[in-house]
Amino acid sequence: MVCIRKATVDDLLAMQACNLFCLPENYQMKYYLYHILSWPQLLYVAEDYNGKIVGYVLAKMEEETTECHGHITSLAVLRTHRKLGLATKLMTAAQNAMEQVYGAEYVSLHVRKSNRAAFNLYTETLGYKIHDVEAKYYADGEDAYDMRKQLKGRKHHHHHHHHHHHHGADAVLPTRKQMKSLAIN
Amino acid sequence: MASKFGFAGGIPERRVRPIWDAVDSRQFKNALKLSTALLSKYPNSPYALALKALILERMGKNEEALSVCLNAKEILCNNDSNVFVDDLTLSTLQIVFQRLDHLEMATSCYEYACTKYPNNLELMMGLFSCYVREYSFVKQQQIAIKMYKIAGEERFLLWAVCSIQLQVCCGNGAEKLFQLAEGLLKKHIASHGLHEPEALSVYISLLEQQCKYGDALEILSGKLGALMMIEVDKLRLQGRLLARAGDYVAAADVFQKLLELCPDDWECFLQYLGCLLEDESILIKDTDPFDSRMSQAVDFVRKLMVEANNNSVRCPYLAHLEIERRKLLFGKGDADKVVEDLMQYFIRVSFLKNLVKECEGSVSGPTKELGQSITVFKIQNSIGELFSLPVNDLEDIAVQMTEMFCKNLSLSKELDAQESMHGEELLSLACTVLVQLFWRTRDLGYLLESIMVLEFGLAIRRYVWQYKILLVHLYSYWSSLPLAYERYKSLDVKNILLETVSAHILPQMLASPLWADLSDLLREYLKFMDDHFRESADLTFLAYRHRNYSKVIEFVQFKERLQHSSQYLMVKIEAPILQLKQNSNNIDEVECILESLRCGTHSLELSNEIRGKSLTFNEDLKLRPWWTPTFDKNYLLGPFEGVSSCPRENTHNQIKQTEENVLKTVEKRSLLPRMIYLSIYSASESVKENLEANGAVVDSKISLELKTLLERYTKILDFPFQDAVELVFGFSSGQKPFEAPSPDMIDWMNFAVFLNAWNLNSHEVKFSDRDPSSTSTWNLVNTMLRKYVMETIRCTGPVVSSPGSHLPFLVQLVTEPLAWHAVIIHSCMRSLHPSGKKKKKGGSVDQSNTQLLHEIQNSIQSLCDTTEMVMKWLREQLDTPDDEKFEAIFSSILRNGRNDGPGKVFKILESSSSLIKDVEVGPRILEAVKSWSPAGDVRKIIAGQRSLLSEFLKICELKLKSLQAVRVQL
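Residues numbered from 1 in each chain as written. Chains lettered and ligands numbered in written order. Predicted model: local features only at pLDDT ≥ 70, side-chain atom pairs only at ≥ 80, totals over all residues. Heavy atoms only, no water.

## Comments concerning the domain arrangement of chain B
Structurally, chain B comprises domain 1 (1–117), domain 2 (263–361) and domain 3 (660–837 + 847–879 + 947–969). Computed from C-alpha atoms alone, the centre-to-centre distance between domain 1 of chain B and domain 3 of chain B is 56 Å. (Domains from an automatic or database assignment.)

## Here we look at the confidence of the model for chain B
Residue and element names in this part refer to chain B. Residues at a pLDDT of 70 or more form 91% of chain B, whose mean pLDDT is 88. Contacts from residues 355–363, a stretch scored under 50 in pLDDT, to residues over four places away or in other chains number four contacts. This stretch, residues 836–844, has a pLDDT under 50; its non-local contacts, to residues over four places away or in other chains, come to two contacts. (pLDDT = per-residue confidence, 0-100. Contact = heavy atoms within 4.5 Å.)

## Details of unusual backbone geometry
Residue and element names in this part refer to chain B. The phi torsion at tyrosine 135 lies on the positive side, around 55°, for a residue other than glycine. Along the chain, tyrosine 135 falls in the loop between α7 (121–133) and α8 (137–151). Of note, the phi angle at aspartate 492 is positive, near 55°, even though the residue is not glycine. Secondary-structure assignment places aspartate 492 in the loop between α25 (481–489) and α26 (497–501). (Helix = DSSP H or I, 4+ residues; strand = E, 2+ residues; numbered from the N terminus.)

## Concerning the UniProt feature "repeat: TPR" (unreviewed entry) in chain B
The UniProt feature table records "repeat: TPR" (unreviewed entry) at residues 232–265 of chain B. With 82% helix and 0% strand, residues 232–265 of chain B has end C-alpha atoms that lie 11 Å from one another. (UniProt positions renumbered as here; feature names shortened; annotations may be inferred.)

## Some words on the nonpolar core
Membership of the largest hydrophobic core comes to 388 residues, with the highest contact counts inside it found for Met15(A), Ile72(A), Tyr122(A), Phe269(B), Phe405(B), Phe751(B) and Leu755(B). The biggest single contributor to this core is helix α28 (residues 515–545) of chain B, with 14 residues. Apart from the residues within four sequence positions on either side, Leu755(B) is in contact with Leu710(B), Phe721(B), Val725(B), Val728(B), Val765(B) and Leu780(B). (Core = buried A, V, L, I, M, F, W, Y, C linked by side-chain atoms within 4.5 Å. Buried < 20%, exposed > 50% of the residue type's maximum accessible area, 1.4 Å probe, protein only.)

## Comments concerning the sheet that holds strand β5 (residues 106–112) of chain A
Residues and elements named next belong to chain A. Pairing is mixed in the open sheet, where seven strands are placed in the order β1-β2-β3-β4-β5-β7-β6. Since the sheet does not close on itself, it has two edges, and those belong to β1 (3–6) and β6 (129–134), each with one partner. The average undirected angle you get between the axes of adjacent strands in this sheet is 25°. Of the pairings in the sheet, the one linking β5 to strand β7 (residues 144–150) comprises seven bridges and is antiparallel in character. Within β7, the residue paired with leucine 109 across the bridge is methionine 147. Packing against the sheet, helix α2 (residues 29–38) makes contact with β3 (53–62) and β4 (69–77), and its axis sits at approximately 65° to β3. (Pairing = 2+ DSSP bridges. Axes fitted to C-alpha atoms, helices over the stretch in contact; angles between N-to-C directions.)

Structure below.
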């Protein structure tokens, strides 16, 4: 049976394969590494009984805005392992971690307008609501729904470690003071 | 030195901003102009210089960039108190130095700055990051401790602790260092406590690494335990620690608690059961505790089933089966009951699946039926049942699968082209069944059908990677490597997949004449790996800054895993060998390449480095088809051996065997460049020796080293040197029979070639007691090459109708041993006729070289003959008209009134377009089905074979030309 567990760096090998075989988008490996090294608590994988990765969720925190919130970057489940509730389990695990570890107020995600199956999962099973529509969000020109789900937020404030996570997508750069594009393009 | 507001690197920001903007918008020329202007105003500003260097590097002017950087470094480090030093300047310089592969210079800048401005935390953090980039764990630790002492911050302490852990896990640090780290943490906790969850997990892991499970448990249940914010994570950790401490009863309790919270956590259930059973008291065949423990588990699982009001929970039901299975293993179960339970389970699961689909409002009936049929086929396949079926039944199954796929196409009518279709797996399954039929019957028609089902599938949906991978292997097997490569490229393999997936094509390409494509493949792979290693240090620092300490360790270990990749090592060794092959007709080029490889020692060092360390194997072997579980094994090359040889059973051993072989191969191949270098040298020395007065000093070092390498080479081939010499003479004289073409023979041939080169100087191989026809080692090599090429051609049928042909061996023979032998001849000739002074004073070649000249003459003649033999064979293959080849292949699936044999699957595919009605499958699928051309598939195979043969022919022609050119000089 498939298990849901936190991702390790080693899983990236199999996760990238899973991504290639599931989604038209194929992210840079750097992108995965950036996520797991920045918010390791938010990455979960679904592992088959023989150690094969059959699904994953990739998420991050947006902490620069006034309301600290999480964002689901990518969710994938191999076609051969769909209809087993894996996507729901993966999403729930990531959402719980956002709430409990980082005190997220809400969680957001983007979904292709045409992806009915995913849309149904988000709205009906997971309780997301359409917040906005982003025109031509995807590379191929398709619109995206900007969806949100309210979380309970931080119950207590005794951990401040995440306040240091104030680096956005350019955190790979040596220092913030330098221009964004100087270091890595 | 404090940064002032509105200043950057000591320069007003308004002056620098336009440069930043220009760089941002990639207007480097403009940026350079602005930066030159800035430098005229601030000629001695390290920051202005650093900016210029950065722009130059961006423009690709690396040398200029480096010299500007060095200038800046000099100014920074000359102890002038007027020079402005800050982190912005240093980190900008750091970026450029890093890109220019001079990390050490960036480090020394920071080291200098930290001495000049002690206790400056910002600079110290910069220095820490420099050490992180250099993986200098000890220095990392020292600077982190300094920062901790100054600021007293928890994170700096943790940086130091991580650095210590890295010394033990990835460096040469002794385990007692853990105690030091533990002590540091303890002291800090006593005075300040701990505030970060990651800090706690580092602390726990530190204790775990020292097997102090009790201490770890105590901390976890104490005040610090509250740092673990996710309750189930904490329980999981507790359970694991208890189990490792051997307290299985308590561990089982914890896992039971965990299961109550997460009833669908299968992993947790297995641990629970494991703990119940791992108690030593049950290991004694005393059944009492076993029974009571099992009934305890049964009760608990029943409770979970009742409590799980959510119908989609599967774990308790599967857990029930697992318990019954364990009972059976213990000799206390009831097999019939297990079967009954299994049935119940499947009924339940398929009911659930159905339920989910109904909720989602999708079609349930036919999709469900299709899914069930596929499951049955898959189970049959995975328990190896298909291997025991008679041919006719097996064929029926392939037909059923194909038919089922076609009939159900209508289910995918509404789907987008990018979405997987219903029943897609049927074609992969049909393919593997057809390949098995081919293996059993050797009827080419089945092989063709196995390709056709996949091409048919790809015509309908071109994204199915499973089909593509199978095709890569089938086309490679059928000598249509260019077509295999095309399918491989369509997989769009990039990033880390280059490490996990490229093994599907790389080995075939290495033994092929497709040098341009191979060179691309190798370059792309190396670029990815090297870029990653360059970037990974930056990423490690990211984990430090985000305080994800456990990820620091994991990530450095991951980097090591990639760095020790067997494939990476192999590619680093094969890339220069390819260059040598490509340029083997030009000895000056060969020398140039060897020069850049530090005279061939580079590869040697690579393989020496890896000895003692274990290589990692990151290829995704599960994606490979059953008939080739590893790159060096292909069941189709041997006869079908019945059910007992069911490949699946042997996979594990096969993988282990392959991993051992890879080590040997890598070491063997790493010797080649140096042996070629020494052989060239030895050959030219042998001429000079003759030219100069008798008794001139021959560089005996060369001879000795070459002998050492030859001995190492034979040792890898499992032979002592002397026996190896006997063996090659045996081969050449015909006393030892040639084995069937095998990679080993290429190794032996290479050995003979270098043996000859060595013997030119050492004259150690004596001939008195050997076969009189082998009068010299020259003769030995010539005879071996000729005989083996002849033998390989003799047992190689027409490429078109002989899948698994020996063509790759032939290619290797010509492009390796034969090519190296020719290089040695070139070397002799060059020494005999130094360019510029073709005629030496006193007439032509020295008398003493007559014997050598004679040998060379014979060798050139022999190599020309051998090469022509290959060319003749290649031309025969190429001269056969394509239509004739087409007939030969295509007729294998035309049934023409036959009742048995291949063709049934093809018939279904062929008639599918007429059977499918537009209304049923929709215009897209209908169009695709109509576009599929079976004749086109066959023609593509033939074209692929043709282009492979022509590439090889071209190589042979060039080789022949270059040999003839040498002959003219004689």
